[in-house]
Amino acid sequence: MRVLVATAVLVERDAVAAAFAPSTAREYAIPGATLSRVAPPQGGPAVFDLLAAGVGPAAAAAATAAALTAAALDEQSDEQSSGPYDLVVSAGIGGGFQPEAPVGSLVLADEITAADLGAETPAGFVPVTELGFGAVTHRPPESLVRAVAAVTGARTGAVLTVNTVTGSAARAAELRRRHPRALAEAMEGFGVAEAAAAHGVPVLELRAVSNPVGPRDRAAWRIGDALAALTGAFGKLAPALESWNPHDRTQ
Ligand SMILES: O=C(O)c1cccc(C(=O)CC[C@H]2O[C@@H](n3cnc4c(=O)[nH]cnc43)[C@H](O)[C@@H]2O)c1
């Protein structure tokens, strides 16, 4: 099984890499980015390519699409680990809606939703889908969400993709009013999911909560705790992914 893991920044990528066997890391250049290829410490057939794709949905979509296209064209890979990816995972830290997703906890998306992709109207925010365009939600395979949540202990719910980190109680309340199932927000999931969908590859989004969604208090972000939670989750992930049949797209 070939898995592409897209984080935003290098510290998140390194937190994911810490769950894998360090001696297995090899680097591959793709247009605009570098892939780190690692293997689970317990062995097994899975290959994980880690990508620091950049902050925000546009950077995330561009780098993820480049990696997916390079794999599909199979230009650089050696024979053992060549060909298209079976799964893309958007991973990193995120803000947690309180009290459901406390700092340090894990959130796994059963729905990846672009929360601010739309138009403001006199009647309020209208998503692009209601204007007749595109998509605002991608849904990971239910069976895979169940399996990964079971091994990682992650809470499952909607993870919102935002272009602006929420900084007030009023904005947090507005997002929850529009998305009552939201457990977390971050800035890349929807971009990663759009790229995956264009390639017909299933997607997951896994977030370790570094801060509450709400009034801005950057000094209170617990980034180290969240990165440690991310490492722990990826340490448990490989067996669950390997036992999942990527061709089983049934919900
Ligand atoms: O402090 C700032 O001004 C600031 C502005 C933009 C981005 C950041 C980050 O550090 C974000 C890095 C990364 O983390 C995710 N993240 C973490 N917490 C949140 C949140 O509450 N809302 C949205 N995204 C969050 C995000 O995916 C970024 O890529 C800091």
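Residues numbered from 1 in each chain as written. Predicted model: local features only at pLDDT ≥ 70, side-chain atom pairs only at ≥ 80, totals over all residues. Heavy atoms only, no water.

- Going by an unreviewed UniProt entry, the chain carries the name Futalosine hydrolase and comes from Streptomyces umbrinus.
- Of the comments in the UniProt record for the chain, the one headed Sequence similarities (unreviewed entry) reads "Belongs to the PNP/UDP phosphorylase family. Futalosine hydrolase subfamily."
- Taken from UniProt, the Catalytic activity (unreviewed entry) comment for the chain reads in full: "futalosine + H2O = dehypoxanthine futalosine + hypoxanthine". (UniProt positions renumbered as here; feature names shortened; annotations may be inferred.)

A closer look at the pairing of strand E7 (residues 118-121)
- In this sheet, strand E8 (residues 124-127) lies alongside E7 in antiparallel orientation, the contact comprising 4 bridges. When the bridges of E8 are listed, Thr121 appears paired with Gly124.
- Between the antiparallel neighbours E7 and E8 lie 2 residues. (Pairing = 2+ DSSP bridges. Helix = DSSP H or I, 4+ residues; strand = E, 2+ residues; numbered from the N terminus.)

Side note on the layout of surface pockets
- Of the voids in this model, the largest pocket is the one considered here, and its volume is about 480 Å³.
- The wall of the largest pocket is formed by 29 residues, among which Ile93, Val165, Ser210, Asn211 and Trp221 lie closest to the centre.
- At the level of elements, helix H1 (10-17), strand E5 (87-96), strand E11 (182-186) and strand E12 (203-212) are the ones that each hand at least two residues to the lining of the largest pocket.
- Of the residues contributing to the lining of the largest pocket, the split by class is 15 nonpolar, 7 polar and 7 charged. (1 Å grid on protein atoms, 1.4 Å probe; cavity = no way out; pocket = protein on both sides within 12 Å on 5 of 7 lines; lining within 4 Å. Points joined across faces, edges and corners; volume = space filled by probe spheres on them. Nonpolar A, V, L, I, M, F, W, Y, C, P; charged D, E, K, R; others polar.)

Describing a nonpolar patch on the surface
- A grouping of Val9, Val11 and Val55 is seen on the molecular surface, where their side chains present a nonpolar patch of about 230 Å² in accessible area.
- Secondary-structure assignment places Val11 in helix H1. (Patch = residues over 30% accessible without salt bridge, like charges linked within 9 Å, V, L, I, M, F, W, Y side chains within 5 Å. Areas by Shrake-Rupley, 256 points an atom, 1.4 Å probe, with all protein chains shown as cover. Salt bridge = Lys/Arg side-chain N within 4 Å of Asp/Glu carboxyl O.)

Considering the site of the ligand
- As a structural note, the neighbourhood of the ligand is formed by 16 residues, with Glu185, Glu188, Asn211, Arg216 and Arg218 the closest of them.
- Taking Glu188, its side chain carries an N or O atom lying 2.5 Å from an oxygen atom of the ligand.
- Against a free-state accessible area of 600 Å², the protein chains account for coverage of 81% of the ligand.
- Of all the cavities here, the one that holds the ligand is the largest pocket.
- Of all the elements in the fold, those that place two or more residues in the shell around the ligand are E5, E11 and E12.
- Looking at the shell around the ligand residue by residue, the classes come out as 7 nonpolar, 4 polar and 5 charged. (Near = heavy atom within 4 Å. Polar contact = N/O pair within 3.5 Å; in protein donor to acceptor, adjacent residues only side chain to side chain. Sits in = over half its atoms within 2 Å of the grid points.)

A look at the environment of Glu27
- By the secondary structure assignment, Glu27 is in strand E2 (residues 26-30).
- Separated by 109 residues in the primary sequence, Glu27 and Val136 have C-alpha atoms spaced 33 Å apart.
- The contacts of Glu27, once residues within four sequence positions are left out, are Arg13, Thr34, Leu35 and Ser36.
- For Glu27, the side chain forms a polar contact with the side chain of Ser36, separated by 3.1 Å. (Contact = heavy atoms within 4.5 Å.)

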